[in-house]
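Secondary and tertiary structure notes
The chain contents come next:
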Amino acid sequence: MRLKLLMALLAGGVVFSASAMALEPSNTAMLANTCNGCHGTGGVSAGPNMPNLGGLQSGYIVDQMKAFKSGERPSSIMGRLAKAYSDDEIAAMASFYSTHKYMGAKQPVDAAKVARGKELHEERCKKCHTENGRDSEDGGIIAGQWKEYLQISFSEFRSGKRPMPKKMAAKIDGEGKLSDADIDALIHFYASQQ
């Protein structure tokens, strides 16, 4: 009887050790390495249609991963990938990326569009996307993201594929609806912010 009890305790300890080990910092970094192919080392994306993750708030990353996992947020690949991770693994990766410094993408922008985008930001967006898009109510950073990624995001919001926050919908599609040229100007403005 004692031998069975000892074996059960040891087996439980091995299971506990394995699950605790999965969230240790070195293992978390290894887990996050699976994201490097698209989102770059430390979350600095090398691809124009992939967002930079380094420096984003942990809660924001968790929320986005859960939205991918549930299908609430559209994706070509992320939905399938998110389903492979447990909630603990997602939280660990989000924490890993949140500790890195945010680095905006260096990219060419049109100065006239940046100027118009700054006006639109001041009129409509700065209350939620503070510091010229470097901070926001939900924890996402749009300043310095790739233009192509921002274009994809705006397209998903405007088409209804991705739920748009009510405040954002009122500013973009409400009274004085923004034109495609206005959206392009905002994209150039946010892309220019480092």
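Residues numbered from 1 in each chain as written. Predicted model: local features only at pLDDT ≥ 70, side-chain atom pairs only at ≥ 80, totals over all residues. Heavy atoms only, no water.

1. Points about helix H9 (residues 147-159)
Side chains that are three or four residues apart share a direction in an α-helix, a result of its 3.6 residues per turn. Here H9 contains 13 residues, and its C-alpha end-to-end distance of 18 Å stays within 8% of the 18 Å for a straight helix at 1.5 Å per residue. Of the positions making up H9, those classed as buried are Lys147, Tyr149, Leu150, Ser153, Phe154, Glu156 and Phe157. (Helix = DSSP H or I, 4+ residues; strand = E, 2+ residues; numbered from the N terminus. Expected span 1.5 Å × (residues − 1). Buried < 20%, exposed > 50% of the residue type's maximum accessible area, 1.4 Å probe, protein only.)

2. With respect to the packing of H9 against helix H11 (residues 180-192)
One can describe the packing of H9 onto H11 by two numbers: an axis separation of 9 Å at closest approach and a directional angle of 140°. One element, H9, and the other, H11, form an angle in the oblique class. Crossing angle aside, the handedness with which H9 passes H11 is right-handed. Each of Lys147, Leu150, Gln151, Phe154 and Arg158 in H9 lies in contact with H11, whose residues at this interface are Asp180, Ile183, Leu186, Ile187, His188, Tyr190 and Ala191. (Axes fitted to C-alpha atoms, helices over the stretch in contact; angles between N-to-C directions. Parallel < 35°, antiparallel > 145°, perpendicular 65-115°, else oblique. Left-handed = near helix turned anticlockwise from the far one by under 90°. Contact = heavy atoms within 4.5 Å.)

3. Looking at the packing of helix H4 (residues 58-70) against helix H6 (residues 87-98)
One way to put it is that H4 packs onto H6 with a least axis distance of 8 Å and a crossing angle of 140°. Of the possible angle classes, the one that applies to H4 and H6 is oblique. Seen along the crossing, H4 lies across H6 with a hand that is right-handed. Contacts between H4 and H6 involve Ser58, Ile61, Val62, Met65, Lys66 and Lys69 from the first element and Asp87, Ile90, Ala91, Ala94, Ser95, Tyr97 and Ser98 from the second. When its residues are assigned to classes, the contact of H4 with H6 shows seven nonpolar, three polar and three charged. (Nonpolar A, V, L, I, M, F, W, Y, C, P; charged D, E, K, R; others polar.)

4. Notes on unusual backbone geometry
At Glu131, a residue that is not glycine, the phi angle is positive and equals roughly 50°. Assignment of secondary structure puts Glu131 in helix H8 (residues 130-133). We classify Glu131 as exposed; its relative accessible area is 53%. Not every positive phi belongs to a glycine, and Asn132 is a case in point at roughly 55°. Relative accessible area serves as the criterion here: at 19%, Asn132 is assigned to the buried category.

5. Considering the pattern of salt bridges
Opposite charge on two side chains allows them to pair when their charged atoms are near. Applying the stated criterion to the full structure yields nine salt bridges. The closest approach of N and O atoms between Lys69 and Asp87, which form a salt bridge, is 3.6 Å. With Lys69 in helix H4 and Asp87 in helix H6, this pair connects stretches of sequence that are 18 residues apart. You can call Asp87 partly exposed: its relative accessible area is 46%. As a salt-bridge pair, Asp173 and Arg158 come within 3.2 Å of each other at their nearest N and O atoms. (Salt bridge = Lys/Arg side-chain N within 4 Å of Asp/Glu carboxyl O.)

6. Some thoughts on the confidence of the model for the chain
Put simply, the chain has an average pLDDT of 87, and 87% of its residues get 70 or more. Taken element by element, the predicted model of the chain shows its lowest mean pLDDT in helix H1 (residues 2-21) (43) and its highest in H11 (98). Confidence drops under a pLDDT of 50 for residues 3-22, and excluding neighbours within four residues, the segment shows three contacts in the predicted structure. (pLDDT = per-residue confidence, 0-100.)

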